[in-house]
Amino acid sequence: MADTEHYVREDVRAFLDMLEAMGGKGVDEVGAIEGRTQMKTLGALAESPPRNLAVIKDLSCPGPAGDIPLRLYDAKKERGPSPCVVFIHGGGFVIGDRDVYNSLCTEIASRLDLPVVSVEYRLAPEHPFPAAPDDCEAAARWIATSPEALDREITGLVITGDSAGGNLTIVTTNQLANDPAQVPVIVQAPIYPVANDVSQHKSYADFAEGFLLTGAAMGWFTEQYAADPKDPRNMPMVGDCSNTPPTVVCTAGLDPLRDSGRDYAAHLVQQGTEVVYLEFPGIIHGFTTLRKAMPSGQKDLDAFLDAVEMMVERYK
């Protein structure tokens, strides 16, 4: 049951009450394989249907340990030179895939009127750190070369993703800021990201139970990922972020990760990066892929994409 101390929207409370009534075990109890099935099942139940697009096409690109599966989305069958969105999915580095995030990627492609490429990086625990950042960087560099497989001339990258994918968004952007790809990252847009040690935050304590993403699950994900805590590709706020491109960050008010996103946005502002920070009150982690169950989250996603669109228009 959601904590009554905090503002919880009516549709969010109804969704949380439904989850409580359904019972079920957390990913930390059932493990990676069952956790992946659970995420797909929840998405089928709670996510909005995908938008119809001219192009939805599975592809792959070379990676450091074999081909990386990708999916291209575009509202237009053909288009002239343009930026491309690189989408990096969430799921604690352990669960999640292209299919779980299919509807969200169709929404992004439709709303921004840009091609979107969703990256299916290797997952822990089978492939612990740094497999995920290695794959995401390789995919972003490949997309930047305007490969024949995309049939599009790419002029810049817009990197986005949620949760663990928000972390990998920041990590990939940092890698490409330090060692540029063939075209620049013009905007990055992490969605409720892990940017520093979330276990130390007040939001982690406040929302550790009863708000979908639990503290126990976060601890378990961290163990599976098995990253070096001092490596900037694990905690991307470590070190200098002064060459970060324009950034849009959004967080959810009832999210254990909320304060990590707040810290990251503040860190960039202090270093002179152009930042739009959006915190959506009364809603939980994962709302961008649970919009059928929590319809109010669609307006939040709209506001986030409006901010990304504004930033892209200024820099493309």
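Undergrad: How do you make sense of the overall build of the protein when you look at a structure like this?
TA: Of regular secondary structure, the protein possesses ten helices and eight strands. A globule of 316 residues ought to have a C-alpha radius of gyration of about 20 Å, and the protein, at 18 Å, matches this closely. C-alpha atoms of the protein, sized along the principal axes, occupy 50 × 40 × 35 Å. Among the 316 residues that make up the protein, the fraction classed as buried is 58%. By element, 52% of the accessible surface of the protein is carried by carbon and sulfur atoms, the whole surface being about 12,500 Å².

Undergrad: Got a minute to help me understand unusual backbone geometry in this structure?
TA: Most peptide bonds are trans, and most residues other than glycine sit at a negative phi. A cis amide bond links Ala124 to the next residue, Pro125, at an omega of 0 degrees. Inspection of the secondary structure assignment puts Pro125 in the loop between β4 (116-119) and α5 (131-144). Cis geometry is found at the peptide bond from Phe129 to Pro130, where omega equals 5 degrees. Secondary-structure assignment places Pro130 in the loop between β4 and α5. For Leu212, which is not a glycine, the phi torsion comes out positive at approximately 75 degrees. Structurally, the position occupied by Leu212 is in the loop between α7 (202-206) and α8 (215-225). Despite not being glycine, Ala226 shows a phi value in the positive range, around 55 degrees. Assignment of secondary structure puts Ala226 in the loop between α8 and β7 (247-252). With relative accessibility at 47%, the residue Ala226 sits in the partly exposed group.

The rules behind these values
Residues numbered from 1 in each chain as written. Predicted model: local features only at pLDDT ≥ 70, side-chain atom pairs only at ≥ 80, totals over all residues. Heavy atoms only, no water. Helix = DSSP H or I, 4+ residues; strand = E, 2+ residues; numbered from the N terminus. Rg over C-alpha atoms; globule rule 2.2 N^0.38 Å. Buried < 20%, exposed > 50% of the residue type's maximum accessible area, 1.4 Å probe, protein only. Areas by Shrake-Rupley, 256 points an atom, 1.4 Å probe, with all protein chains shown as cover.

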